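# Reading the structure
Below, each chain spelled out in residue letters.
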Amino acid sequence: MKRTLLLGFLCLCIYSISFAQTKYEDDFLKSEFHKERRATLRSMMPDNSVAVFFSNPIRNRANDTDFMYHQDPEFYYLTGHKEPHSLLLVFKDELQFGATKTNEIIFVRQHNALKELYDGARLGKEGAKDKLDINVAFEGPDFKDFNLDFSQFDKVMFYQFKDDVRDHNEEGDLFELISQFKQKVGYNAKDLSIEPEQSNIDLVTLDMIMTKMRGIKKPEELDLLRKAVDISTLAQSEVMKAMKPGLSEMEIQGLHEYIFKIYRAEYEGYNSIVGAGHNGCVLHYIDNYKAEIEDGELILMDLGAEYHGYTADVTRTIPVNGKFSPEQKLIYDLVYEAQEAAMKICKPGVKFSDLYAATKEVINNGLVELDIYKSLADEDIINPETGRNRYYPHGCCHHIGLDVHDKGEYDVLKENMVITIEPGIYIPENSPVDKKWWNIPVRIEDDYLITKDGCELLSDRAPRSSDEVEALMAQPSAFDRIVLPALEQGN
């Protein structure tokens, strides 16, 4: 009797959790989008093949605490499923399973009343059929005895495994699904490297197909990307108004991410980069731990909101005190000019390499004019330690979407690609140049939709030119009204 009451209570709690989880925006991708993506994948697959996708693993943070779960972008793209411990099979042709013919099957976590009380409701196989519109669904434990002969396919396509999956000691968890799959297909990494032609396992073709698919965005994806970019640029603008000497890098990161949450962006699309002074010269500086940013410094802020799976990537570099010094303004305006040069030629048919060449030409010529390089033949243009352009050491463009560096082809621009253009100049301390240029980092990064005849700047809500930046920074900030009490000092 007590057990029956307990289970009844747990089911009531799970129902309440499920009901509560519906109280969100209704602009998520619909099941029709994911179904169409699976159909497109199927049309591009080789004859007599199967594509296999696994959900992302749960990653441990410390002891019994895990990082917030984030689904594998590919798995989400094809299913909309956000839960771990799942497996998707997409077949080129329909196969007979019992009384049912299907060309796709999903395995999801089984219901568990106690775990759902602690961790939230699970979709379950019936929910997968209903919500994901996949008509054949099983629970994870069913895969062990699932009667599918993988040797019948000419190609079994999947991604190479990584050693980042823990055993969660739960029947049908991701660890078990992968182990059982390896047995079913005869996977042996050593054998594949020696005699790949002796196997129907294909670790290459699937990535090529998905790269073609994901590089061109569908209208539903563009809507979400626009929202992510809008949130990110709004945050940049508000933080510009709030900026002042004495704030910490961590506070500035927090202001950005607070605004992300206000507008219901679930995550940051990548680790936030907030670097003042010399820290801004570290391209992927994520410590964000400088206790007090200083009057006279520049601060580089590279942050992107992730909204419903899609991430923006926006960078602004601004003077902490609201006014560029003469040297800072010269470098900033040079980077701005380089970005403008790339934007002017950004249209279908142009090569990605042409965009970089346009920015590099402006930057290198400009640095010669400033006497930072002696000439275009100056050996110092190339850093001997890295083999890259000394003060412009990275590329200028990449796709954005479900990943901040999203999948997509990098030959020529095509309509409905969404890319960044992000030239930068970084002159760290002790560089072989006049000291007045030291510790000046500038990156301006914006997001662009490739249109039929050109491109659309999506991130223009945050000012880009030096004059516009200074004008906005002179405006009052809503954050100025927030005053928190000091911490009590311990003995």
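Not measured: the values here are computed from a predicted model. (Residues numbered from 1 in each chain as written. Predicted model: local features only at pLDDT ≥ 70, side-chain atom pairs only at ≥ 80, totals over all residues. Heavy atoms only, no water.)

Within the protein chain one finds 13 helices and 19 strands. For 491 residues, the compact-globule estimate of 2.2 N^0.38 gives 23 Å, and the protein chain sits close to it at 26 Å. Its C-alpha atoms give the protein chain principal-axis dimensions of roughly 75 × 60 × 45 Å. Within the protein chain, the proportion of its 491 residues that are buried is 52%. A sequence separation of at least 24 residues applies to 71% of the contacts in the protein chain between residues at least 6 apart. For the protein chain, the exposed surface amounts to about 24300 Å²; the carbon and sulfur share of it is 50%. The centroid of the 56 positive side-chain charges in the protein chain is displaced by 4 Å from the centroid of its 85 negative side-chain charges. (Helix = DSSP H or I, 4+ residues; strand = E, 2+ residues; numbered from the N terminus. Rg over C-alpha atoms; globule rule 2.2 N^0.38 Å. Buried < 20%, exposed > 50% of the residue type's maximum accessible area, 1.4 Å probe, protein only. Contact = heavy atoms within 4.5 Å. Areas by Shrake-Rupley, 256 points an atom, 1.4 Å probe, with all protein chains shown as cover. Lys, Arg positive; Asp, Glu negative; His and termini not counted. Charge placed at Lys NZ, Arg CZ, Asp CG, Glu CD.)

In this model, helix H11 (residues 326-344) (19 residues) spans 27 Å end to end at C-alpha, consistent with the 27 Å of a helix rising 1.5 Å per residue. Taken residue by residue, H11 has Gln328, Ile331, Tyr332, Leu334, Val335, Ala338, Gln339, Glu340, Ala342 and Met343 as its buried positions. (Expected span 1.5 Å × (residues − 1).)

Looking now at the environment of Ile262. As for its placement among the helices and strands, Ile262 is situated in helix H10 (residues 249-262). As a C-alpha pair, Ile262 and Gly120 span 142 residues in sequence and 23 Å in three-dimensional space.

Moving on, we come to the environment of Ser86. By secondary structure assignment, the location of Ser86 is in the loop between helix H3 (73-79) and strand E4 (87-97). Residue class for Ser86 comes out buried when judged on its relative accessible area of 0%. Considering only alpha carbons, one finds Ser86 and Phe146, 60 residues apart in sequence, at a separation of 15 Å. When residues no more than four places from it in sequence are discounted, the contact partners of Ser86 are Phe53, Phe54, Ser55, Phe75, His81, Phe107, Val108, Leu174 and Leu177.

Here we have three strands laid out as an open sheet, ordered E15-E18-E19, and antiparallel in their pairing. On the outer flanks of this sheet lie strand E15 (418-421) and strand E19 (455-457), each paired with one strand and no other. The mean angle between the axes of side-by-side strands here comes to 35°, regardless of whether they run parallel or antiparallel. Strand contacts of helix H9 (residues 219-242): E15, strand E18 (446-450) and E19, with the helix running at about 160° to E18, the strand carrying the most contacts. (Pairing = 2+ DSSP bridges. Axes fitted to C-alpha atoms, helices over the stretch in contact; angles between N-to-C directions.)

Taken as a whole, this structure holds 33 salt bridges when the rule is applied. In this structure, the salt-bridge partner of Lys227 is Asp27, at a minimum N-O distance of 3.9 Å. Remark: Asp27 occurs in the loop between helix H1 (2-20) and helix H2 (31-44) and Lys227 occurs in helix H9; sequence separation between them is 200 residues. When its relative accessible area of 32% is taken as the criterion, Lys227 is described as partly exposed. Taking relative accessible area as the criterion, Asp27 reaches 27% and is therefore assigned partly exposed. For the salt bridge of Glu422 with Arg443, the shortest nitrogen-to-oxygen distance reads 4.0 Å. One end of the pair, Glu422, is in the loop between E15 and strand E16 (424-427); the other, Arg443, is in strand E17 (residues 440-443), and 21 residues separate them in sequence. By relative accessible area, Glu422 is classed as buried at 11%. Residue classification places Arg443 among the buried residues on the basis of a relative accessible area of 3%. (Salt bridge = Lys/Arg side-chain N within 4 Å of Asp/Glu carboxyl O.)

With that out of the way, let us pick up the side chain of Arg214. Following the sequence through the fold, Arg214 ends up in helix H8 (residues 205-215). Residue classification places Arg214 among the buried residues on the basis of a relative accessible area of 3%. Separated by 2.5 Å, the side chains of Arg214 and Glu74 make a polar contact. Reaching out from Arg214, the side chain makes a polar contact with the side chain of Asp406 at a distance of 2.6 Å. In this structure, Arg214 is in contact with Pro73, Glu74, Tyr77, Leu402, Asp403, Asp406 and Lys407, ignoring residues within four places of it in sequence. (Polar contact = N/O pair within 3.5 Å; in protein donor to acceptor, adjacent residues only side chain to side chain.)

Here we take up the nonpolar core. Ranked by size, the top nonpolar core spans 100 residues in total, and within it Leu41, Ile299 and Ile419 carry the most contacts. Setting aside residues up to four positions removed in sequence, Ile419 forms contacts with Cys346, Phe352, Leu355, His398, His399, Leu413, Asp446, Asp447, Tyr448 and Ile450. Of all hydrophobic cores here, the second largest spans 26 residues; its members include Val52, Phe107, Phe146 and Leu174. (Core = buried A, V, L, I, M, F, W, Y, C linked by side-chain atoms within 4.5 Å.)

In protein structure, a disulfide is the covalent linkage between the sulfur atoms of two cysteines. Counting across every chain of the model gives zero disulfides. For Cys281, which is in no disulfide, the shortest distance to another cysteine sulfur is to Cys396 and amounts to 20 Å. Unpaired in terms of disulfides, Cys455 finds its nearest cysteine sulfur in Cys346, a separation of 4.0 Å. With a relative accessible area of 23%, Cys455 lands in the partly exposed category. (Disulfide = S-S within 2.5 Å.)

Inspection of the secondary structure assignment puts His398 in the loop between helix H12 (352-369) and E15. Within the local environment of His398, its side chain forms a polar contact with the backbone oxygen of Val404, the two atoms lying 3.0 Å apart. The contact partners of His398, leaving out residues within four places of it in the chain, are Asp313, Val404, His405, Tyr410, Val418, Ile419, Thr420, Glu422 and Glu445.

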